2 protein chains.
Amino acid sequence: MGAAPSVNLASETEMTEDPTHTAAGGPGARAPLTRERIVEAAVRLMDEEGLAAVTMRRVGRAVGVEAMSLYHHVRDKDDLLDGVVDHVMRGFPFPAEPGPSSEDLAAYGRAVAHAWRRTLRAHPAVVELLARRGRSARSAALLRPVEVALWTLRRMGLSPPDAARAFHVIGSYVMGSVVLETGRISAAEGGGGATGHDLPPDAFPQVLEALSYLDADDPDERFDFGLDLMIEAIRTLAGRSREPERDVGTSNATR
Amino acid sequence: MGAAPSVNLASETEMTEDPTHTAAGGPGARAPLTRERIVEAAVRLMDEEGLAAVTMRRVGRAVGVEAMSLYHHVRDKDDLLDGVVDHVMRGFPFPAEPGPSSEDLAAYGRAVAHAWRRTLRAHPAVVELLARRGRSARSAALLRPVEVALWTLRRMGLSPPDAARAFHVIGSYVMGSVVLETGRISAAEGGGGATGHDLPPDAFPQVLEALSYLDADDPDERFDFGLDLMIEAIRTLAGRSREPERDVGTSNATR
DNA sequence: ACCTGAACACCGTTCAAGT
DNA sequence: ACCTGAACACCGTTCAAGT
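Residues numbered from 1 in each chain as written. Chains lettered and ligands numbered in written order. Predicted model: local features only at pLDDT ≥ 70, side-chain atom pairs only at ≥ 80, totals over all residues. Heavy atoms only, no water.

### Comments concerning the protein's contact with DNA strand D
Point 1. Close contacts around DNA strand D come from 17 residues, with Ser-69 and His-72 of chain A together with Met-56, Arg-57 and Tyr-71 of chain B the closest.
Point 2. Taken together, the sugar and phosphate atoms account for 47% of what DNA strand D places within 4 Å of the protein.
Point 3. In this structure, a phosphate oxygen belonging to DNA strand D sits 3.0 Å away from a main-chain N or O atom of Glu-66 of chain A.
Point 4. One of the backbone nitrogen or oxygen atoms of Met-56 of chain B is found 2.9 Å away from a phosphate oxygen of DNA strand D.
Point 5. Residue contributions to the surface near DNA strand D peak at 3 residues, all from helix α2 (residues 56–62) of chain B. (Near = heavy atom within 4 Å. Polar contact = N/O pair within 3.5 Å; in protein donor to acceptor, adjacent residues only side chain to side chain. Helix = DSSP H or I, 4+ residues; strand = E, 2+ residues; numbered from the N terminus.)

### Some points on the protein's contact with DNA strand C
Point 1. Around DNA strand C there are 17 residues in total, and Met-56, Arg-57 and Tyr-71 of chain A together with Ser-69 and His-72 of chain B lie nearest to it.
Point 2. Close to the protein, within 4 Å, the atoms of DNA strand C are drawn from sugar and phosphate at a rate of 48%.
Point 3. Contact between DNA strand C and Met-56 of chain A: a phosphate oxygen at 2.9 Å from a main-chain N or O atom of the residue.
Point 4. Take Tyr-71 of chain A: an N or O atom from its side chain is 2.9 Å from a phosphate oxygen of DNA strand C.
Point 5. Residue contributions to the surface near DNA strand C peak at 3 residues, all from helix α2 (residues 56–62) of chain A.
Point 6. Here the residues of the surface near DNA strand C are counted per class, giving 7 nonpolar, 4 polar and 6 charged. (Nonpolar A, V, L, I, M, F, W, Y, C, P; charged D, E, K, R; others polar.)

### Structural notes on the layout of surface pockets
Point 1. Estimated volume of the largest pocket: approximately 1,300 Å³.
Point 2. Together, 42 residues line the largest pocket, and Glu-128 and Arg-132 of chain A together with Leu-51, Glu-128 and Arg-132 of chain B are the ones closest to its centre.
Point 3. Broken down by secondary-structure element, the contributors of at least two residues to the lining of the largest pocket are α1 (35–49), α3 (77–89), α5 (125–133) and α7 (160–182) of chain A together with α1 (35–49), α3 (77–90), α5 (125–133) and α7 (160–182) of chain B.
Point 4. For the lining of the largest pocket, the per-class residue count stands at 24 nonpolar, 7 polar and 11 charged. (1 Å grid on protein atoms, 1.4 Å probe; cavity = no way out; pocket = protein on both sides within 12 Å on 5 of 7 lines; lining within 4 Å. Points joined across faces, edges and corners; volume = space filled by probe spheres on them.)

### Things to note about the packing of helix α6 (residues 140–155) of chain A against α7 of chain A
All names here are of chain A.
Point 1. Where α6 meets α7, the axes come as close as 9 Å, and the angle between the chain directions of the two elements is 125 degrees. Of the possible angle classes, the one that applies to α6 and α7 is oblique. Read as a crossing pair, α6 and α7 show a hand that is right-handed. On α7, the residues that touch Val-146, Ala-149, Leu-150, Leu-153 and Arg-154 of α6 are Pro-160, Ala-163, Ala-164, Ala-166 and Phe-167.
Point 2. Across the contact of α6 with α7, the residue classes break down as 9 nonpolar, no polar and 1 charged. (Axes fitted to C-alpha atoms, helices over the stretch in contact; angles between N-to-C directions. Parallel < 35°, antiparallel > 145°, perpendicular 65-115°, else oblique. Left-handed = near helix turned anticlockwise from the far one by under 90°. Contact = heavy atoms within 4.5 Å.)

### Concerning the pattern of salt bridges
All names here are of chain A.
Point 1. Applying the stated rule across the entire model yields 27 salt bridges over all chains.
Point 2. For the salt bridge of Arg-110 with Asp-228, the shortest nitrogen-to-oxygen distance reads 2.8 Å. Of this pair, Arg-110 sits in helix α4 (residues 102–122) while Asp-228 sits in helix α9 (residues 219–241); the two residues are 118 residues apart in sequence, bridging distant segments of the chain.
Point 3. With relative accessibility at 24%, the residue Arg-110 sits in the partly exposed group.
Point 4. For Asp-228, a relative accessible area of 30% gives the class partly exposed.
Point 5. When the shortest N-O distance is used, the salt bridge between Arg-132 and Glu-128 registers 3.4 Å. Residue Arg-132 and its partner Glu-128 are located together in helix α5, separated by 4 residues, close to a single helical turn.
Point 6. Three or more residues joined by partner-sharing salt bridges are found here, namely Arg-117, Arg-121, Glu-181 and Asp-220. (Salt bridge = Lys/Arg side-chain N within 4 Å of Asp/Glu carboxyl O. Buried < 20%, exposed > 50% of the residue type's maximum accessible area, 1.4 Å probe, protein only.)

### Topic: the nonpolar core
Point 1. Core analysis: the biggest nonpolar cluster contains 147 residues, and Met-46, Val-59 and Trp-116 of chain A together with Met-46, Val-59, Trp-116 and Met-230 of chain B have the highest contact counts within it.
Point 2. If you tally residues by element for this core, the top one is α7 of chain A, at 12 residues.
Point 3. In contact with Trp-116 of chain A, not counting residues within four places along its chain, are Met-89, Phe-92, Leu-142, Pro-145, Val-146, Ala-149 and Val-174 of chain A. (Core = buried A, V, L, I, M, F, W, Y, C linked by side-chain atoms within 4.5 Å.)

### What about the environment of Thr-152 of chain A?
Residue and element names in this part refer to chain A.
Point 1. One can find Thr-152 in helix α6.
Point 2. Exposure remark for Thr-152: the relative accessible area of 2% places this residue in the buried category.
Point 3. For the pair Thr-152 and Arg-110, spaced 42 residues apart in the sequence, the C-alpha separation amounts to 10.0 Å.
Point 4. If near-sequence neighbours (up to four positions away) are discounted, Thr-152 is found in contact with Leu-105, Tyr-108, Gly-109 and Val-112.
Point 5. Only 2.7 Å separates the side chain of Thr-152 from the backbone oxygen of Val-148, close enough to count as a polar contact.

So this is what it looks like as structure tokens:
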């Protein structure tokens, strides 16, 4: 994998060592080390090799510096990981503003859920980071998409407590689906044979049958199957808890 | 929990060092080191201090032995972690067999979901283990509860592919709710003030309001809110996909 | 058969020292 | 102001050696 030399002709596939020279191109001049460059290297490492590969020493190597130098730009490793979550959430693909109709809002709700799913699937390890440190990782970049999701649920007609609950339910589903899919808990091994270590082949007939269906399914369609189910339930719930919903506002200020 | 020594008078609080003497009680004689004793120590460590505390060296210390000795009973750390998942799943609290009515089956489905939730909440780190190594951790102890869940969905009238999908949807929800709750992604800090580092206090009004509701909610009730929603949707779906369901069997052979 | 000391290549983090 | 060498207390794992 090699240390990407001065002249910039390397394609950008797989270069874990990136000494990132200045635009001037002087072969010895380094771009100054910044928190952002460090965080980006950490994200790349996380996505390519998993959270365990994100060590101070390896991140240092990736930006062409000794590990100890990183401490001038991040407080410690936890701070670096907060930066990682923040960086990923800053890439959240906000969908275009919805129209006012109930159908528009439902479609927008679906789109927001899809944006969450897309963000998390692109960086599955952030689910683990959120699980471990949800409390500390509350940056604006993270809260903005949360605010949008809640705002949508309110506009769909849910009362404040119901919107909070619905957010938690759908959020659990989105998180969980990413966990199951990245752990490939549903996927079969290689052939159709033994799925575990040395299981009696017919001890789990339902599991065997289900695995074949789950493997054949498109994950996105399967996700929508569950999501639509929840969106429909929310619209029903909205009918019940509807009140003169005037003070939610009609434009999304935090976007 | 606890080292269950010869004479049973030790209270079982917090003894991480457990030299576990033999039944004979000779103060120098050790109970033989077994895979099971090692796995139990690892589970205890995981529950009390998190997955990061489960190191070969600390597990060794917990069972009164040097780290290298563990390799006589587990192949490596991955094998130990497989053992941890297996041990936890062997504790799955299977609910009592359901009656034949649609209501009985729905209640049984709810009970199975609760058993999953209870198991995972008692050992939240296994969600992470399943996510990282779902494919390799397929022991009989893990597949048995999966088989029961699938079997229940089939008895409720779902076709095989729909049962697989419904399992995935509900499974995602169960997993995700544990992730969100153990990460306390929904809980507020201490007072009612700033929830993040230094957020403009009114940048996220929906988030602020939702947090107060989520904190006030009973997590179990909130979970049931989403679960009932899915169970109802399944019963509707079952009405659509119903066929002469004769070969599912009426007793659960894998229990 | 079971346990261990010493060793190797890794971790995160600190601190005095270099430019 | 920014980077580093050396050090400390940790990791997982191997292997020859002890009982």
